[in-house]
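# Observations on the three-dimensional arrangement
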Amino acid sequence: MMMWKTLGEEGEREAAPHGIIGTSPLLTSVMEQIGVVAPTDSTVLIQGETGTGKELIAQAVHDLSSRRHAPFIKLNCAAIPAGLIESELFGHERGAFTGALAQRIGRFEMANGGTLFLDEIGDLALDLQVKLLRVIQEQEFERLGSMRSIRVSVRLVAATHHDLLQMVENKEFRADLYYRLGVFPVSLPPLRDRVGDIPALTRHFVAKYAERMNKVVEDIPPETMAAMVAYNWPGNIRQLQNFVEHGVIVSRGRIFEPPLDQLRFQKESLPANGKTSEASKTLEAATRDHVLQALEETKWVVGGRHGAAARLGIARTTLIAKMRRLGIELAQEQAHDKSAGRQQAVGAIA
């Protein structure tokens, strides 16, 4: 059963190129940068906090390039023991070291003609940074235990959550490699800076895990969505995804019921303009703002496939009840705006 239409607007899933969901200005800016650099063969350095989706951006760079039909090879530099990462990158010949019982092809060779994504490049040891720089510049290397140079054509995309420039100043990262990697830097915003994308991400993950678990989860209460929007998400999209998966598991019936008590609402000091941030609002106020935003975006049309109820993932009658409880009265709002859309909404409720 396809439940996406009840969780968001029709076509929202198709409108998420490369699996990247969101329409916030910061994310839109990132995608515009990717569209500019992808057709080139230039090295791309993706920087951002853990869980912000760096691998998805790297995949998008590959998919939009002329190398898209060639391999996209990944290696997490932080996940491989220091003694083995050179072999992972460049490969080795049989007998090159103790335990090398057969020839091994490295990631650079595997990525020949395509793209190599080196995640957590900031964790690469200094001695390997020298060898990596040579491969980037000369496009050739030797397997461990071999004197024969192998030439490749590889487009490199690197990513890190570290401040590489600070690491350069601390002599923890080579300056020449940093400048070679930083030909085209891309900074990914944390989820707390793109809160407008949280509803779409939530609907996407609810639909994904409900389908995977063969469950029918169609309604996301406004209070639940408002609580999720108000939370700071220090673990970014990865934390949100895991939270939604947990929520789908424990949800009974058609309503998404995640364990909201796991979220710790973080109070923030008032900014210079004196306005409260989204995270410092009460849950009821955040819920009201979320419902109002949905109504504004749909021109105050409550029902129908493109109405506010569908956008919020709840039934039309449920939304009307929520609006009354939150003190949102369409008749009162109509007095401030005589637009045709709002008049249609009043007629729909009547």
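An account of the accompanying structure is given in this report. Here the structure is a predicted model, which is why all the values come from computation and not from measurement.

## Describing the nonpolar core
F108, L118, I121 and F173 are the most contacted members of the largest nonpolar core, which totals 31 residues. Listing elements by their share of this core, those giving two or more residues are β2 (72–76), α4 (85–90), β5 (115–119), α6 (126–138), β8 (155–160), α7 (164–169) and α8 (175–181). The element contributing the most residues to this core is α6, with 5 residues. Sequence-distant contacts of I121, that is, excluding residues within four places in its chain, are made with L45, C77, L132, A158, A159, T160, L164, F173 and L181.

## Brief notes about helix α2 (residues 25–37)
Helix length check: α2 (13 residues) gives 19 Å between terminal C-alpha atoms against 18 Å at 1.5 Å per residue, within 8%. Within α2, burial applies to L27, V30, I34 and V37. The arc that holds the buried residues of α2, viewed along the axis, is 90°, so those residues lie on one side. α2 presents P25, E32 and V36 as exposed residues on the side facing more than 90 degrees away from its buried surface. Buried residues belonging to α2 abut β1 (44–47), α3 (54–63), β8 and β9 (184–187).

## Description of helix α10 (residues 222–230)
The element α10 is largely enclosed, with a buried count of 9 among its 9 residues. Taken together, the buried positions of α10 are occupied by P222, E223, T224, M225, A226, A227, M228, V229 and A230.

## A few points about the packing of aromatic side chains
Summed over all chains, the structure comprises 7 aromatic pairs. Relative to W233, the ring of Y231 lies with its centre 4.8 Å away and its plane at 85°, an arrangement referred to as edge-to-face. You can call W233 buried: its relative accessible area is 0%.

The rules behind each value
Residues take numbers from 1 onward in each chain, read along the sequence in its written order. Under the rules for a predicted model, residues below a pLDDT of 70 receive no local features and side-chain atom pairs below 80 are neither given nor counted, while totals for whole chains, interfaces and linings still include all residues. Where side-chain values are given, they derive from all heavy atoms of the structure, hydrogens and water being excluded. To form a nonpolar core, buried Ala, Val, Leu, Ile, Met, Phe, Trp, Tyr and Cys residues must be joined to one another through side-chain atoms within 4.5 Å. Each residue's exposure class comes from its accessible area (1.4 Å probe, protein chains only) as a fraction of the maximum for that residue type: buried when under 20%, exposed when over 50%, partly exposed otherwise. Labels follow the DSSP assignment, with helices taken as runs of H or I lasting at least four residues and strands as runs of E lasting at least two, numbered in each case from the N terminus. Note on contacts: a residue pair is in contact if any heavy atoms of the two residues lie within 4.5 Å. In this analysis, the expected span of each helix is defined as 1.5 Å times one less than the number of residues it contains. The directions considered for the arc are those from the helix axis to the C-beta atoms. Pairing of aromatic rings covers Phe, Tyr and Trp, the last through its six-membered ring, and needs centres within 6.5 Å; plane angles under 30 degrees mean stacked, over 60 mean edge-to-face, and all others mean tilted.

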